[in-house]
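Read off the chains here:
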Amino acid sequence: MSGTIDKATLGSLLRNVKPLYLDGALTITPSSMISEDRQVSVEATSYARLCDGRVYANAYHFRFDLDGDRIRSVREYSDTQHMLEIFGQQSEVGVLGDLSR
């Protein structure tokens, strides 16, 4: 879940994780934003109840690099230990791929 991935890879990852969420969605709620020139930084939290009853709740920092009215790239920083604790079992069976990289 770290490093640079392309749009197609991100789409595949999101499609594979969606069935794990009880409501089929992860809610991400921004708490603060700062914009300067063509960059926007966002602090946010996420919440999803999983089908097995566990809760995935993470903290994030996103940095968006813009090109006009389009997003050129996004960097995501989050608690990867929490991701591994929640999704580690699924990654072992290949649902999400290897999240321990």
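Chemist: Explain the confidence of the model for the protein to me, and be specific about the residues and the numbers.
Modeler: Counting all residues, the mean pLDDT for the protein is 85, and 84% of those residues have values of 70 or more. Note on residues 91-95: pLDDT is under 50 here. Beyond four places in sequence and across chains, it has five contacts.

Chemist: Give me the lowdown on the environment of Arg 54, citing residues and values where you can.
Modeler: With respect to the helices, strands and loops of the structure, Arg 54 is situated in the loop between strand 2 (39-49) and strand 3 (55-56). Separated by 33 residues in the primary sequence, Arg 54 and Tyr 21 place their C-alpha atoms 9.6 Å from one another. Looking at Arg 54, its side chain comes within polar contact range of the side chain of Asp 52, at 2.9 Å. A polar side-chain atom of Arg 54 sits 2.9 Å from the main-chain carbonyl oxygen of Ile 86.

Chemist: An account of the pairing of strand 1 (residues 27-36) is requested, with residue identities and associated values reported.
Modeler: Along strand 1, only zero of the ten residues are buried, which leaves the element largely exposed. By the bridge criterion, nine bridges tie strand 1 to strand 2 in an arrangement that is antiparallel. From the neighbouring strand, Ile 34 faces strand 2, where its bridge partner is Ser 41. Counting the residues that bridge the hairpin from strand 1 to strand 2 gives two residues, and of these Asp 37 lies at a positive phi of roughly 55°.

Chemist: Could you give an account of the pattern of salt bridges, with specific residues and numbers?
Modeler: A full pass over the atoms with the stated rule returns three salt bridges. Across the salt bridge formed by Arg 75 and Asp 65, the nearest N and O atoms sit 3.9 Å from each other. In this pair, Arg 75 is assigned in strand 5 (residues 70-78) and Asp 65 in strand 4 (residues 59-67), connecting sequence segments ten residues apart. Note on Arg 75: relative accessible area 39%, which makes it partly exposed. Assessed through its relative accessible area of 5%, Asp 65 is described here as buried. Overlapping salt bridges, with partners in common, bring together Arg 63, Asp 65 and Arg 75 in one network.

Chemist: So, the pairing of strand 4: which residues are in play, and what are the values?
Modeler: Bridge analysis of strand 2 against strand 4 gives seven bridges, and the strand direction is antiparallel. Counterpart to Glu 43 in the pairing with strand 4 is His 61. Between the end of strand 4 and the start of strand 5, which pair antiparallel, lie two residues, with Gly 68 showing a positive phi angle near 70°.

Chemist: Go over the packing of aromatic side chains with me, naming the residues and quoting the values.
Modeler: Applying the stated rule across the entire model yields three aromatic pairs. With a centroid separation of 5.0 Å and 55° between ring planes, the pair formed by Tyr 56 and Phe 87 is classed as tilted. Separated by 31 residues along the polypeptide, Tyr 56 in strand 3 and Phe 87 in helix 2 (residues 80-92) bring together distant segments of the chain. Exposure class is identical for Tyr 56 and Phe 87. Each is buried. Both rings, one in Phe 62 and one in Phe 64, keep their centres 6.2 Å apart while their planes meet at 40°; by these two values the pair is tilted. For Phe 62, a relative accessible area of 11% translates into the label buried. In textbook terms, an aromatic cluster arises when at least three aromatic residues are bridged by ring pairs, as seen for Tyr 60, Phe 62 and Phe 64.

Here is what the cut-offs are and how they apply
- Residues numbered from 1 in each chain as written.
- Predicted model: local features only at pLDDT ≥ 70, side-chain atom pairs only at ≥ 80, totals over all residues.
- Heavy atoms only, no water.
- pLDDT = per-residue confidence, 0-100.
- Contact = heavy atoms within 4.5 Å.
- Helix = DSSP H or I, 4+ residues; strand = E, 2+ residues; numbered from the N terminus.
- Polar contact = N/O pair within 3.5 Å; in protein donor to acceptor, adjacent residues only side chain to side chain.
- Buried < 20%, exposed > 50% of the residue type's maximum accessible area, 1.4 Å probe, protein only.
- Pairing = 2+ DSSP bridges.
- Salt bridge = Lys/Arg side-chain N within 4 Å of Asp/Glu carboxyl O.
- Phe/Tyr/Trp six-rings, centres within 6.5 Å; stacked < 30°, edge-to-face > 60°.

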